[in-house]
Amino acid sequence: MTTLTLILILVAVLFVTLTAILKRYRRCPSDKILVIYGKTGRMASAKCIHGGAAFIWPVFQDYAYLDLKPISIECNLTNALSKQNIRVDVPCRFTVGVSTEPESMTNAAERLLGLSVDSIQSIATDILFGQLRLVIATMDIEEINSDRDKFLANVSTNVEAELRKIGLRLINVNVTDIRDESGYIEALGKEAAAKAINDAKKSVAEQNRYGETGKANADKDTRINVAAADADAVKGENSAKIEIANSDALRRQKTAEADRLAVAAEKVQAAKALEEAYQSERDAELARAAREEATQKANIVVAAEIDKEKKIIEAEAEAEQIRRKAKGEADAIYAKMDAQAKGMLEILTKQADGFRNLVTAAEGDAQKAVLMMIADKLPELVKTQVEAVKGINIDKVTVWDTGNGTDGKTATSNFISGMMKSVPPLDELFKMAGMELPSYLKGKAGKPDEQPAQE
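Residues numbered from 1 in each chain as written. Predicted model: local features only at pLDDT ≥ 70, side-chain atom pairs only at ≥ 80, totals over all residues. Heavy atoms only, no water.

**What to know about the overall build of the chain**
Each helix and strand counted, the chain has eleven helices and nine strands in total. Going through the 455 residues of the chain one by one, you find that 19% of them count as buried. Taking contacts inside the chain between residues at least 6 apart in sequence as the whole, the part at least 24 apart equals 66%. For the chain, the accessible surface area stands at approximately 32,500 Å², while carbon and sulfur atoms represent 58% of it. (Helix = DSSP H or I, 4+ residues; strand = E, 2+ residues; numbered from the N terminus. Buried < 20%, exposed > 50% of the residue type's maximum accessible area, 1.4 Å probe, protein only. Contact = heavy atoms within 4.5 Å. Areas by Shrake-Rupley, 256 points an atom, 1.4 Å probe, with all protein chains shown as cover.)

**Some points on a nonpolar patch on the surface**
On the surface, Leu6, Ile9 and Val13 cluster together into a nonpolar patch covering about 290 Å² of accessible area. Tracing the sequence through the fold places Ile9 in helix H1 (residues 2–23). Look at Ile9 and you get partly exposed, because its relative accessible area is 48%. (Patch = residues over 30% accessible without salt bridge, like charges linked within 9 Å, V, L, I, M, F, W, Y side chains within 5 Å. Salt bridge = Lys/Arg side-chain N within 4 Å of Asp/Glu carboxyl O.)

**As for the side chain of Thr95**
Residue placement: Thr95 occurs in strand S7 (residues 87–98). Here Thr95 is in contact with Pro70, Ile71, Arg169, Leu170, Ile171 and Asn172, once residues within four sequence places are set aside.

**Structural notes on helix H5 (residues 148–164)**
Since there are 3.6 residues in each turn of an α-helix, residues three or four apart along the chain are aligned in direction. The end-to-end C-alpha separation of H5 is 24 Å, in line with the 24 Å expected for 17 residues at 1.5 Å each. Looking at H5, one finds that the buried residues are Phe151, Val155, Val159 and Leu163. Summarising the axial view, the buried residues of H5 lie within an arc of 75°, below the 170-degree limit, and thus occupy one face. The exposed set on the far side of H5, more than 90 degrees from its buried face, consists of Asp149 and Thr157. (Expected span 1.5 Å × (residues − 1). Arc of directions from axis to C-beta.)

**Points about the sheet that holds strand S3 (residues 46–49)**
As summarised here, the arrangement of the three strands in space is S3-S2-S5, forming an open sheet in which the pairing is antiparallel. The outermost strands of the open sheet, each flanked by one partner alone, are S3 and strand S5 (61–67). When strand polarity is set aside, the average angle formed by the axes of neighbouring strands in this sheet is 25°. Where strand S2 (residues 32–38) meets S3, four bridges bridge the pair, whose relative direction is antiparallel. Opposite Tyr37, over in S3, you have Ala46 as the bridge partner. Relative to S3, helix H2 (residues 102–111) is tilted by about 125°, and along the sheet it contacts S2, S3 and S5. (Pairing = 2+ DSSP bridges. Axes fitted to C-alpha atoms, helices over the stretch in contact; angles between N-to-C directions.)

**Brief notes about the pattern of salt bridges**
Summed over the entire model, instances satisfying the criterion amount to 17 salt bridges. For Glu110, the salt bridge identified is with Arg111, shortest N-O distance 3.7 Å. Exposure remark for Glu110: the relative accessible area of 46% places this residue in the partly exposed category. Among the residues examined, Arg111 registers a relative accessible area of 43% and is labelled partly exposed. Between Glu160 and Arg164 there is a salt bridge, with the nearest N and O atoms lying 3.8 Å from each other.

**Examining helix H3 (residues 117–137)**
The terminal C-alpha atoms of H3, which comprises 21 residues, lie 30 Å apart, in line with the 30 Å expected from a rise of 1.5 Å per residue. Residues of H3 that are buried: Ile120, Ala124, Thr125, Ile127, Leu128, Gln131, Leu132, Val135 and Ile136. Next to the buried residues of H3 lie strand S6 (71–81), S7, helix H4 (141–146), H5 and strand S8 (168–175).

**Here's the deal with the nonpolar core**
Core analysis: the largest hydrophobic core is formed by 42 residues, its most contacted members being Phe94, Ile136, Phe151 and Leu163. Counting residues per element, this core draws most heavily on H3, at seven residues. If sequence neighbours within four positions are ignored, Ile136 has contacts with Leu77, Ala80, Leu81, Ser82, Lys83, Val88, Val90, Ile144 and Phe151. One finds Cys28, Leu34, Ile36 and Ala54 within the second-largest nonpolar core, a separate group that totals six residues. (Core = buried A, V, L, I, M, F, W, Y, C linked by side-chain atoms within 4.5 Å.)

**What to know about the packing of H3 against H5**
Where H3 contacts H5, the two axes come as close as 9 Å, and the packing angle between them is 140°. As summarised for this structure, H3 and H5 are arranged oblique, according to the angle between their axes. Crossing of H3 over H5 shows right-handed handedness. Along its contact with H3, which presents Ala124, Ile127, Leu128, Gln131, Leu132, Leu134, Val135 and Ile136, the element H5 presents Phe151, Asn154, Val155, Asn158, Val159, Glu162 and Leu163. Residues of the contact of H3 with H5, tallied by class, amount to eleven nonpolar, three polar and one charged. (Parallel < 35°, antiparallel > 145°, perpendicular 65-115°, else oblique. Left-handed = near helix turned anticlockwise from the far one by under 90°. Nonpolar A, V, L, I, M, F, W, Y, C, P; charged D, E, K, R; others polar.)

**Looking at the state of the cysteines**
One pass over the structure, following the stated rule, counts zero disulfides. Note on Cys28: no disulfide assigned, nearest cysteine sulfur contributed by Cys48 at a separation of 9.8 Å. On the accessibility criterion, Cys28 (10% relative accessible area) is buried. Here Cys48 falls in the buried class, since its relative accessible area comes to 16%. (Disulfide = S-S within 2.5 Å.)

Printed below as a string of structure tokens:
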């Protein structure tokens, strides 16, 4: 029983494993590209398959599809500047799709995977508009209008190279009509139509002339043959000759009249042809004058606009440079002031810590802490007082001493002691600073045995 259970469990595990493996085996339809991303085992960011199938490793890999259905894009380009500085309108319709070339499929997987058809169409439209303007700028109006094959070849070459960068390829280009704002193309059409009409009228006149000439030659042959037959058959019949002569005179009269009418008709047709040719030339000259005027305006206006844009860009660049320089100076000042503030804070912090430690050493008595600081600075204070009189340069002192003194002091000793008393004592210095000198440093008169023992 236990063995049977283990066999059933093993079969179930194998079945589940096989089902999972089969679900991860993906087949690629003919109208799609299978993109496998994740751990592809090579330097490429994704593995692209068109036609066929592949196994998708769980956890390490995942997959998505790129649609190969063609996308129709309408590009109604307006006001495009041609090589002759004439603005034209070129309505076009492009048909594009995802390319199946290996390199292009990788580009499409990197740039178009997950995008909707509208997003892809928007990206392709920007590229198509730019390349279409670039091609028109390198061609004349006559080339664009007459040599459509060259125009479409240039458009296809430029557009194909740019679309390949995002994984697309150009399927078809259809240019419906080309128009320009100056009427130059329409003038060219009228000129061609007038030339065709004149050529047709000339051909008709020549055919009429050939017909009349052939008819005259046929009549001549007929007359010769008839005359020869009549001469051979009826040589002696005067009546026949007279009748033939009359008939011949009438025929010649009619022939002359027909020739006159033919010549008059030819001259009339030639005059009409010249009139129409002159009219066409006048229209062409007017169109060319309008084109020259538009060209001059375009050159002046475009140059002015370019100069204006250049000045605006230079002004903006100069303003941006001033702003950046001011910002850099402000940052430098801020950094300097911040460093000074931090240094001052560090000094004050250390001084506060030192005062706190001094008070702690004086058992919490601030007065004792001050006395300790005074005792530490006492040599400097005494040195300061000594320096006050040390720098006095006395070249010569004359003292008239009469020998009379008070308390056993002479005039000379009184002068020296008075000069020393002019230096402020320590007690006065402390009072100026708002402090009180300890009594044992004041030097008050008293007996030594009366001083407190603790002082």
